[in-house]
Each structure stands twice: as C-alpha cells, then as structure tokens.
Amino acid sequence: MDAAMNRAMRAVAPLAPFTAAALAAALLFAAFLAAQGFEAPEALGLVVEGAFGSAFAWQNTLARAAPLMLTALCVALPARAGLVIIGGEGALALGALAAAMVPSLTAGWPALPVQLLMALAGFVAGGAWIAASAWLRHVRGINETISSLLLSYIGIALFNFLVEGVLRDPASLNKPSTPPLPDAVLIGQLPGLEVHWGLVWGALACAAAWFLLRRTVFGFSVGVVGGNARAALMAGLPVGTLLIAACFLGGGAAGVAGMLEVAAVHGSANASLLAGYGYAGILVSFAARHNPLGIVAGAILVGGIGASGSLLQRRLDLPDAAVLVLQGTLFVALLAFETLNRKGTRRV
Amino acid sequence: MSETTDGLAFGSLALALLGGALRVSTPFLFVSLGECITEKSGRINLGLEGTLVLGAMGGYGIALLTGSPWLGVLAAGLCGVLMGLLHGALCSLPKVNDIAVGIALMLFGTGLAFFLGKPLIQPQAPMLPSVELGAWSDSEQLRSALRINVLLPLGLALAGLLHWGFRSSRWGLALRLVGDNAAAARALGYPVVPIRIGATAAGGFLAGVGGAFLSLYYPGSWNEGLSSGQGLMAVALVIFARWSPLRCALAALLFGAAGALGPALQSQGITAGYYLFNAAPYVLTLALMAASWTPGQTLAGAPGELSFTQR
C-alpha cells in the first residue's frame, strides 16, 4: 500500500512545478491583460472555453495538437542526445513541400501507397534538414541551436522560392501554391469526428519515440551520449552516428507534420502551412520535459491555447498575438519553476 | 550588351551593395556589441531576437507618441533592459539553463511585440535623421550609398570604446574575470551574479537600440515581418568575431553586405531567386561558423565560463 502510494507520488511529483508554472502564467497573463483594460477574468475563461469548452473547441484543439506532437518530437529526440534543436519550422516546410511533390510523380497509383510515399518523402526531407545540424555540430563543432534555426530560415526561403517559382501551380493566382492534391490521396477525418487521422499518427509517433528512447539499446545509447558525450566515446559508442540519427528521426517527425498539413488540412503546399507549429513545438517539448508521452498532453494543452485565439479575438477584440503572449509567458514560467524541481535537470 | 554597360551595371551593383551594407549592418552591429558584453560575463542570451523585435515595436510606439525618434531609441533600449533583466534574473536561479531561457524569451518577446504593436502598423512615426557623407559627390547613386544613419557612427564609436574598455578599464576587467573564472572573481570579492545580470541588461539595451533602427530608420516602419533572424545571426556573429568588439564591427558590415545582396540585385532588375538571395546572410553565417569553429578545442578568446563553447 505504502509502496503503491510512493510510486504514485513519484509519478505525480514532476507535475507539481508544471502546475505551479501554468498557474503563474495564467495569473501573469491576466495581469497583463488587466493592465491594458481588458476583462482579464473573462479572457481566462474564454481560453478554457475556446480550448476545451465544447465539442467544436475540442476538435479545433485536437486538430492543432496533431502537428504539435510531431514538431515537439523534433525537439525531444535530439534533446535526449543532449542537443537543443529549434529549427522544426523549416523541417516542417520542407517536409510539406517534398510530400506535395509525390502525387504528381505517382499519377494513377492507388491512394494508400501514395500517402505512405508522401509521408516517407516528408520524413526524409525534414530528417535530412535537422540531421544537417547534428552533422555540423559533430564535424565542425557548430552550436546546433543556432545552426538549426539558421537552417530553418534557409529552408523556409527555399520553400517560398520553389512554391512561388518552378513548383507553382499556374492556376493559384492570389496565393502561390503547389498543384492541389487529387482528392483520393487526401487524409480524411476520424470516424464521427472533425479531426483528421494525423492525431492518431502523432500519438503513435510519440508512443514509438517513447519506446525507442526508453526501451531499446539505441535509445539507451542516445541517452548516454546526451548524458556525457566523452564517456560515450570512451565506451566505444558511435557518437556522431547517434547524434545524427536522433536528429534525423526528430526532423523526420516534423517533416511528417508538414506532410499532414498538406494532405489533411491545406490540400497543397503554400505559405499558410507556416503557422508557427515548429516554434510552438519547442514549448510543448520543454513543457513535457522532453518526455515523448508527456508531449501528447503538452500538445493538447498548447494546441488548446492556440485554438482559443479566435474566440479571444471575436469576443474581446484581443489581437491574435494574445495566444503568443500566453505561450511565451508559459514558457518563461516553466523555466523559472524548473528551479523547484528536486531532481536536477539536464543541460537541455 | 557592350562592355561599358556591363561595367556600369557592376559599378552600380557594387554601390548598391555598399549602401546596403552601411544601411543594413547597424542592427547587426548593435546586437552583436550587446551580446559581446553579455557573453564576456559568461552567459549567452539567445533571446536577443525577441529583444530586437520588442525594441523595434517599443521604439516605434514611443516615437509616435512623443514625436521624438530619439525618445523612441531610448524606449527601445529600456525595453531591452527589461528583457535583459528578466533573462539575467531567471538564469541566476539554480538549475535554470541560459540557452533555454533565451529560446523562451525569443518567443515571448516576439509575441509581446506583435500583441502590443497591433495599433502601430498603420500610423507613421517620425524617423531618425541621416548623415550625408556623400554630399561632395555629383553622383546621385554615390550620395544615396553614403547617406548613413546617425546610429552607425555611434555604434562604431561604441565598438572602439568597448575595445578599450574590455582591456583597460576597471569594469571591463571585472566583467572579463567574471566571465573567465567565476570562482576567482568571487574570491576577489566581485559580485558574480549582479555583474552577470548587469551585463545581460546592458546587452539587452543595445539589442533594443538595434531594433529601434529597424523601425525608425530602415525599413522604417513597424510590421510583424520586420526582423527575420538578425538578432540570432548577431549572436553567431559574436562567435565569429571571437568576442572582440572591433571584429564585431567588421563582421556586422560583412553581414550587412550579404543582407543587402537581395535588394541590391532587385534594384538592378534581377528579381529571379529573390527569396534565395535573401537567404544569403543565413548561408554566410553558417559558412563563417563552420570556418571559424574548430571541433575538439575551445575557441581562442572564448570566455571560460561560457558553457556552450565548451566541447
């Protein structure tokens, strides 16, 4: 009985700083709004209502959580190897672009192989982009945080260049886009819900990442590299390969997020894809302390904050950046409360 | 095309690049000098991108309210001080990592600026004045290339001042000692944590001023796409400059030229690949980092307490 209690306490204990941080962030956000003459209590209520208050709100939240789970893995998997990667937005963009190219090359194929090939294309494109940061770090010693964000900017520039250039569908006049996907390869909704299958993909990817990191030799080796790269080298682990592999898998997840945005939401690759999921994914992963299973919950929370934006805008006339302020406040509060964690934190 | 027109086109492209470099380099200069101060104290602030954007918004807003661009610059600096204090204070808590706080402040600063800056997108604030260095020339192109903003000479003078100060002044030596060996600084009675917080706040001030340049001189308006990574590139630039303010100034000019490549080619009528040319500064940053960073050894000139340069 006592042992069970202890286990339960240990499982819940890490949530205490998180809860404190979330409350502090809510209070700070309310104070920020009140200082500008907005109805702060109502705004907080609307955040909850817009995120989780109705079936419609839940669907909106879950549709946003799907890509967030995948872009958060782009932070969490490298973090296990001790790398701080923040370039998920670029990996998402290139993954989306690669996936959007597949149907035009596979005309006449049945839907399922095309979809799988699209996911693979997105995975490889996003993975290669983030793996480049790990490679630069390993071979040239370049700080991966800076290089991943620079590569992300380059990736977005490449995305815009191609979407407005050679890959542009001449029929997309006002909004440059790649040719629309055939209806057959679009990814549909979950039965009975207005949420696309990407939610299941995201949750499965998180579960797989958890299994990979916590239950396999590969995951253990990645953890050793993250804990002490020099010791890992002494132990004969292929440090460079492990760093690159962890980043490739993470970037691949962000690339698949891009593929899902193309195949399940936008129907083609265009600038609307770049809605900041790559950046919000950083917050999700840090909130989950880079635990893949925690990411599922974190993505729903941050997705909910995003989903409440339009309600805040409609009812209180708040700027759409209100959700960015709340997310930023939450991020800062989370790190501040990290200091209360009894267990020492890792470098990332 | 005959040879003379080729030569002419190249000449005007070079002039456009020079003008662009002088124009675009200023935010790089200020942010990198600020980050230089912060990193000399042994901490890295990756959040200067957020500080830059917040400074741009705050500076624009105050210039609009008061009618004085200089008060705007001051306000932008104060926004930066607040962000710097926040970074410095958070990093002083046990177990809080400076890189993570920087990322959080990057997102927080941009979000806050977008929120508060919504009403500033339409109205036109008074701009900072420029200095006509090319008044002696008949060529309109040369005159426009040498029409520099007042902040650039201030920034260059500051680079010289910091270069002197880091070597020869009491506060400069204390700052470097704290950044190189905190234990030794503590033994000599220097207050390590307050010095670091102060250095981060000073760095924030300069980054905020760099932001004011964006909104009050070039491009000279407030919008959400104002900065695209200049703050982050300036952090990388400090590493390339090996923590020397004078080299920071040179590198900022180089980055300015790279950033001016896209618009300069566009002014020559070359519009294909606009997005790619705009990516030139990012590529340059990566290439310079690859060239200057040797794996397996600590960088020459790196402050000893700086966690992220240690391998």
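Since the structure is predicted, the reported quantities are computational estimates derived from the model, not experimental observations.

Enquirer: Even after reading the chapter, I still don't get the overall build of chain B, so can you show me in this structure?
Expert: Helix and strand counts for chain B stand at 13 helices and two strands. What you see for chain B is a C-alpha radius of gyration of 20 Å, in line with the 19 Å of a compact globule of 311 residues. Across its three principal directions, the C-alpha atoms of chain B cover 70 × 45 × 35 Å. Counting the 311 residues in chain B, one finds 55% classified as buried. Here the contacts in chain B between residues at least 6 apart in sequence split such that 76% fall between residues at least 24 apart.

Enquirer: Help me understand the overall build of chain A, please; the structure alone is not making it clear to me.
Expert: When helices and strands are counted, chain A shows 15 helices and zero strands. Relative to the 2.2 N^0.38 estimate, which gives 20 Å for 348 residues, the radius of gyration of chain A is 21 Å and therefore close to what a compact globule would have. With the C-alpha coordinates of chain A rotated into their principal frame, the extents come out at 60 × 60 × 40 Å. Counting all 348 residues of chain A, 55% fall into the buried class. Long-range contacts, defined here as pairs at least 24 residues apart, represent 76% of the contacts in chain A between residues at least 6 apart.

Enquirer: Could you clarify how one ought to interpret the packing of helix α5 (residues 88–105) of chain A against helix α7 (residues 144–163) of chain A in this entry?
Expert: To characterise two packed helices, one gives the angle between the axes of the helices and the distance between these axes. All names here are of chain A. Relative to each other, α5 and α7 sit at 30 degrees, their axes nearing to 7 Å. Taken together, α5 and α7 sit at an angle that is classed as roughly parallel. Like other packed secondary-structure pairs, α5 and α7 cross with a definite hand, here left-handed. Taking contact as the criterion, the partners of E89, G90, A91, A93, L94 and L97 in α5 are, on α7, L151, S152, Y153, I154, G155, I156, L158, F159 and L162. The residue inventory of the contact of α5 with α7, partitioned by class, reads 11 nonpolar, three polar and one charged.

Enquirer: Can you help me understand the interface of chain B and chain A in this one?
Expert: A common way to express how large an interface is: the accessible area buried when the components associate. With 43 residues of chain B in contact, the opposing surface of chain A contributes 41 residues. Broken down by secondary-structure element, the contributors of at least two residues to the side of chain B that touches chain A are α4 (98–116), α10 (230–240), α12 (274–278) and α13 (280–292) of chain B. The leading source of residues in the side of chain B that touches chain A is α4(B), at 13 residues. Residues belonging to the side of chain B that touches chain A are distributed by class as follows: 30 nonpolar, 10 polar and three charged.

Enquirer: Would you mind going over the environment of B:G204 with me for this structure?
Expert: All names here are of chain B. In this structure, G204 sits in helix α9 (residues 192–216). On the basis of neighbour counts, which here come to 37 C-beta atoms within 10 Å, the residue G204 falls in the buried class. Spatially, the C-alpha atoms of G204 and G301 are 22 Å apart, while their sequence positions differ by 97 residues. Excluding residues that lie within four positions of it along the chain, G204 makes contacts with G34, T51, G80, V81, M83 and G84.

Enquirer: Can you help me understand unusual backbone geometry in this one?
Expert: Working note: non-glycine residues mostly have negative phi, and peptide bonds are mostly trans. All names here are of chain B. Cis geometry is found at the peptide bond from Y218 to P219, where omega equals 0 degrees. Even without being a glycine, W243 presents a positive backbone phi close to 60 degrees. With respect to the helices and strands, W243 occurs in the loop between α10 and α11 (245–267).

Enquirer: Hey, could you run me through α9(B) in this one?
Expert: Each α-helix winds once per 3.6 residues, and so residues spaced three or four apart point in a common direction. Given a rise of 1.5 Å per residue, 25 residues ought to cover 36 Å, and the 36 Å separating the end C-alpha atoms of α9(B) matches this to within 8%. In terms of burial, α9(B) is largely enclosed, as 23 of its 25 residues are buried.

Enquirer: Would you take a moment to explain the nonpolar core for this structure?
Expert: The tendency in soluble globular proteins is for nonpolar side chains to be buried as a group. Residues A:M69, A:A72, A:L73 and B:L237 are the most contacted members of the largest nonpolar core, which totals 231 residues. Counting residues per element, this core draws most heavily on helix α11 (residues 239–266) of chain A, which supplies 16 residues. Setting aside its immediate chain neighbours within four residues, A:A72 contacts A:G281, A:V284, A:S285, A:A288, A:I295, A:G298 and A:A299.

Enquirer: What exactly am I supposed to notice about the environment of B:G262 here?
Expert: Residue and element names in this part refer to chain B. You can see G262 is positioned in helix α11. Considering only alpha carbons, one finds G262 and L128, 134 residues apart in sequence, at a separation of 24 Å. In contact with G262, not counting residues within four places along its chain, are Y274, F277, N278 and A280.

Enquirer: Help me out: how do you make sense of the confidence of the model for chain B in this one?
Expert: In low-pLDDT segments, the atomic positions of the prediction should not be examined closely. When pLDDT is averaged along chain B, the result is 89, and 95% of the positions lie at 70 or above. With pTM at 0.93, the complex prediction returns an ipTM value of 0.92.

Enquirer: So what exactly am I meant to see when it comes to the packing of helix α8 (residues 198–215) of chain A against α11(A) here?
Expert: Residue and element names in this part refer to chain A. Interaxial distance between α8 and α11 falls to 11 Å at its minimum, and their mutual angle equals 170 degrees. Judged on the interaxial angle alone, α11 and α8 are roughly antiparallel. Between α8, through G198, W201 and A205, and α11, the contact on the second element is made entirely by A253, V256, L260 and A264. Here the residues of the contact of α8 with α11 sort into six nonpolar, one polar and no charged.

Enquirer: What's the story with the environment of B:S307 in this structure? I'm lost.
Expert: Topologically, B:S307 is positioned in the segment after α13. Between the alpha carbons of B:S307 and B:N97 there is a distance of 9.7 Å; along the sequence they are 210 residues apart.

Thresholds, definitions, all that
Along every chain, residues carry numbers that run from 1 in the direction the sequence is written. Numbering of ligands from 1 and lettering of chains from A proceed in the order in which they are written. Where local features are concerned, this predicted model is filtered to residues with pLDDT of at least 70; where side-chain atom pairs are given and counted, the filter is 80 or more; whole-chain, interface and lining totals use all residues. A run of H or I in DSSP counts as a helix once it spans at least four residues, and a run of E counts as a strand once it spans at least two, with each numbered from the N terminus. Two things to know: the radius of gyration comes from C-alpha atoms, and the globule rule equals 2.2 Å times the number of residues to the power 0.38. Labels follow a simple rule on C-beta atoms placed from the backbone: if 20 or more others lie within 10 Å of a residue's own, it is buried; if 12 or fewer, it is exposed; otherwise it is partly exposed. The contact rule is simple: place each C-beta atom from the backbone, and if two of them lie within 7 Å, those residues are in contact. Here an axis means a line fitted to C-alpha atoms, over the contact stretch when the element is a helix, while the angle between two N-to-C directions is reported on a 0 to 180 degree scale. Reported orientations rely on four angle classes, namely roughly parallel under 35 degrees, roughly antiparallel over 145, roughly perpendicular from 65 to 115, and oblique for the rest. Handedness of a crossing follows from how the near helix is turned relative to the far one, being left-handed for an anticlockwise turn of less than a right angle and right-handed for a clockwise one. When residues are sorted by character, Ala, Val, Leu, Ile, Met, Phe, Trp, Tyr, Cys and Pro go into the nonpolar class, Asp, Glu, Lys and Arg into the charged class, and all the rest, Gly among them, into the polar class. By definition here, a helix of n residues has an expected span of 1.5 Å times n minus one. One nonpolar core equals one set of buried Ala, Val, Leu, Ile, Met, Phe, Trp, Tyr and Cys residues connected by C-beta atoms within 7 Å. Every residue is assigned a pLDDT by the predictor, reflecting its confidence on a scale from 0 to 100.

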